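Geometric and topological summary
Below are the chains, spelled out letter by letter.
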2 protein chains.
Amino acid sequence: MTFTDQYLAPTFQGLVAGRVFNFNGGPAALPLPVLEEVASELLNWRGTGMSIMENSHRDKKVVAMALETEELLKELLALDSSWKVLFLQGGASLQFAMIPMNFAPDGAPCDYVNTGLWSDKAYKEALICGAGAKVAASSEEAQFTYIPREFDFSPGARYIYLTANNTVRGTQWHTFPAGTKAPLIADMSSEFLSRPVDLSNFTLVHAGAQKNVGPAGLTIVLVRTDFAETGKKGLPHLLDYRTYINSDSMYNTPPVFAIYVASLVFKWIKNTIGGLANMAAINTNKAVKLYDAIDKSGGYYRGTARVDSRSTMNITYRLPSEALEKKFLAEGQKCGLHGLNGHRSVGGIRASIYNAVPDQAVDCLIDFMKDFQAKNA
Amino acid sequence: MTFTDQYLAPTFQGLVAGRVFNFNGGPAALPLPVLEEVASELLNWRGTGMSIMENSHRDKKVVAMALETEELLKELLALDSSWKVLFLQGGASLQFAMIPMNFAPDGAPCDYVNTGLWSDKAYKEALICGAGAKVAASSEEAQFTYIPREFDFSPGARYIYLTANNTVRGTQWHTFPAGTKAPLIADMSSEFLSRPVDLSNFTLVHAGAQKNVGPAGLTIVLVRTDFAETGKKGLPHLLDYRTYINSDSMYNTPPVFAIYVASLVFKWIKNTIGGLANMAAINTNKAVKLYDAIDKSGGYYRGTARVDSRSTMNITYRLPSEALEKKFLAEGQKCGLHGLNGHRSVGGIRASIYNAVPDQAVDCLIDFMKDFQAKNA
């Protein structure tokens, strides 16, 4: 019996309650125990007699939950007291504007490393905001298949901006630039909490929740308070990081439900997984075996990222033809392997194996890949 | 047996599964059937094998759900094709900035009617954004206890801004200014979908979801597309209404879960309630009997808003002393009457009786008020 036959048989035990294996690029898989807890207390959160969605953000229990969420995150990331955790809205796209508006206003110089779609968007938004933004390195000439290691940083740059993990091209920074004069700012959306990261050279990190944290609609910002203080004054309140710092992210109503789900995910990482070192080991193991399957396919599957720049979160690869890719996606879908299509801008296959994607999902994908190759070589 | 005794008895049938009667000002009560539906499909949304939170916003089913939500809302509000429904983030506070940035840039004149905390915030944010904002009417001299009927509108004003319902002061516009040269823009957050509204003189309406629509983290904007086109060009993408219009609110990842809950609330209004005329009748009935209880208390309970300006959503009143108010709130809480405290800026009592607060909750509150007065007169 082939994998596909087995998978489609009613006795297959791979899935829980009709759920698929979810390889979405984001919004993406969440830990099943988190979803079960959310469902179980959706009508009555912690004995309040109300859904978490119906509780006031000024209620003591909600305020305590939000502060606890911040503390949990600081503990997971080993952040010291120079950092503040903020809960914003608007996604990375709003950060693309807020960062230059605050920290490179009126033509002030700032550097961008262009590793693909998202860093390019960030750079272009900085230009719209009137920043003196410069591309200090780029891998565009090689279709963003690698992370640059040589940089032409500007003297006096206020910050250096980079995208830590590139969901579209499947590349990731494994070490960040060291010894730079300007502080680093990073979009860590699609690798957030996937591994321990040394943030000593960073002053600001942003991450959309919809990859490794929770539902879309929450943007987590880590910022050093002394850096935030250097921001341009007189900005609209919601575009000034100080507004969030000074109010513990409660200047206006925050996305309470998303913060609540994030708190459960953070607890899951801390208590069930055992912290970021364990999370990284699990993630590396998943990525290594999937890349192995690609590399040992005799060229049938071809990874798109350069080996030294491969992402542990988004594994991007191609098949011998687009027709086979289409067939691969359709048959995978039938087998409960969902969301394997590459980003609409590049096509191909992309397996996003975020924190909440279980080992078993990757094993099933590898089995399916072998089976598919055998039948379609 | 008094109401309170009865209420505390185990046989009392007023509450479902330990839930309280929720008079929160916002985030606020949601319809119980909506919460039950969300809980029931939280692990597997519409047969996708994933939570709605795990589905991609680019997935056909999610795109269809968002478009259906827009259509439902246009149907409920009887909006013609000159309007577009947008799903934003950032709450009213971001709208306070986006509106002048788009429509009164570079000192262009615009008028604000100051009816309390939220319109004052909107006005001050317009000044921060460099608009030529003017207060065209105010009820500040009378502690915002009424809605002004005389206005000093500016020649050439780009728009007239007002807050349709004032949650803090318990006042509401029952008719909007007619025949103005400038179009009207309104914050309708706390009365959204509570009644049919003639929007023929409006060009933009915004409403935070967390009163009558869904969880916090979603801001609904209704805008006439031709008006949006007059907005200042060259703004950051997420601060330009055209970005949302041109992408059906999917330029970047929208708050999918909140849109989904909103879609269920809209269906509940349409199918269970029977539309906005019915919703208004139910809301008016609730408000009339609660104001009656206040007015017939012989002055023990005193409504804070002028009678002609009273809100049907937020019923604000005082007791003979702050000590009695404190006792009222504490005993009410014990009886399952939650969230009756006035806004922190004014104190007193506030019963927010939004769409999802059932008739029975208001009846219980009235019984409790009579009981409390009898014991504490």
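Structure: above.
Residues numbered from 1 in each chain as written. Chains lettered and ligands numbered in written order. Predicted model: local features only at pLDDT ≥ 70, side-chain atom pairs only at ≥ 80, totals over all residues. Heavy atoms only, no water.

Regarding the pairing of strand β4 (residues 132-138) of chain A
Residue and element names in this part refer to chain A. Judged from the 6 bridges that link them, strand β3 (residues 109-114) and β4 form a sheet pairing that is parallel. Within the sheet, the bridge partner assigned to asparagine 114 lies in β4 and is serine 138. What joins β3 to β4 is helix α5 (residues 117-128), and the crossover it makes is right-handed. (Pairing = 2+ DSSP bridges. Helix = DSSP H or I, 4+ residues; strand = E, 2+ residues; numbered from the N terminus. Right-handed = clockwise from strand over helix to strand, strands pointing away.)

Here we look at the sheet that holds strand β8 (residues 184-187) of chain A
Residue and element names in this part refer to chain A. Overall, mixed pairing links the 7 strands, which are arranged β2-β10-β9-β8-β5-β3-β4 in an open sheet. Looking at strand neighbours, the two that pair on one side only are β2 (83-88) and β4, the edges of this open sheet. Shown here is a sheet whose adjacent strand axes are inclined to one another by a mean of 20°, direction ignored. The strands that helix α3 (residues 60-77) touches are β2 and β10 (219-224); relative to β2, the one it contacts most, it runs at about 130°. Where α5 meets the sheet, it contacts β3, β4 and β5 (160-163), and its direction lies at approximately 160° from that of β3. (Axes fitted to C-alpha atoms, helices over the stretch in contact; angles between N-to-C directions. Contact = heavy atoms within 4.5 Å.)

Regarding the relation of the copies chain B and chain A
Once chain B is rotated about the relating axis by 180° and shifted along it by 0.0 Å, it coincides with chain A to within an RMSD of 0.0 Å. Each copy turns onto its partner about a two-fold axis. When C-alpha positions in chain B are compared against the rotation axis, the closest is assigned to alanine 39 of chain B, at 2.4 Å. (Least-squares fit on C-alpha atoms with pLDDT ≥ 70 in both.)

Notes on the interface of chain B and chain A
At the interface, 61 residues of chain B touch 61 residues of chain A. Here chain B meets chain A over a buried area of about 4,700 Å², counting both sides, of which 61% is carbon and sulfur. Sorting the residues of chain B by area buried against chain A places Leu43, Met53 and Glu54 of chain B first, and these three jointly supply 15% of that buried surface. On the surface where chain B and chain A come into contact, there are 2 salt bridges. Glutamate 54 of chain B serves as the salt-bridge partner of arginine 19 of chain A, at 2.8 Å between the closest nitrogen and oxygen. (Buried area = accessible area lost by both parts, 1.4 Å probe. Salt bridge = Lys/Arg side-chain N within 4 Å of Asp/Glu carboxyl O.)

What about the packing of helix α4 (residues 91-103) of chain B against helix α5 (residues 117-128) of chain B?
All names here are of chain B. At their nearest, the axes of α4 and α5 sit 8 Å apart, and the two run at 45° to each other. By the angle between their directions, the pair α4 and α5 is classed as oblique. Considering the relative orientation of α4 and α5, their crossing is right-handed. For the pair α4 and α5, contact is made by Phe96, Ala97 and Pro100 and by Trp118, Lys121, Ala122, Glu125 and Ala126, respectively. Class assignment of the residues belonging to the contact of α4 with α5 gives a composition of 6 nonpolar, no polar and 2 charged. (Parallel < 35°, antiparallel > 145°, perpendicular 65-115°, else oblique. Left-handed = near helix turned anticlockwise from the far one by under 90°. Nonpolar A, V, L, I, M, F, W, Y, C, P; charged D, E, K, R; others polar.)

What about unusual backbone geometry?
Of note, the amide linkage connecting glycine 26 of chain A to proline 27 of chain A takes the cis form, showing an omega dihedral of -5°. Turning to its location among the elements, proline 27 of chain A is positioned in the loop between β1 (21-22) and α2 (32-40). Positive phi, close to 55°, is recorded for aspartate 106 of chain B, a residue that is not glycine. Relative to the helices and strands, aspartate 106 of chain B resides in the loop between α4 and β3 (109-114). Look at aspartate 106 of chain B and you get exposed, because its relative accessible area is 67%. Phi at serine 249 of chain B is positive, roughly 65°, even though this residue is not glycine. For serine 249 of chain B, the location among the structural elements is in the loop between α7 (241-246) and α8 (256-273). (Buried < 20%, exposed > 50% of the residue type's maximum accessible area, 1.4 Å probe, protein only.)

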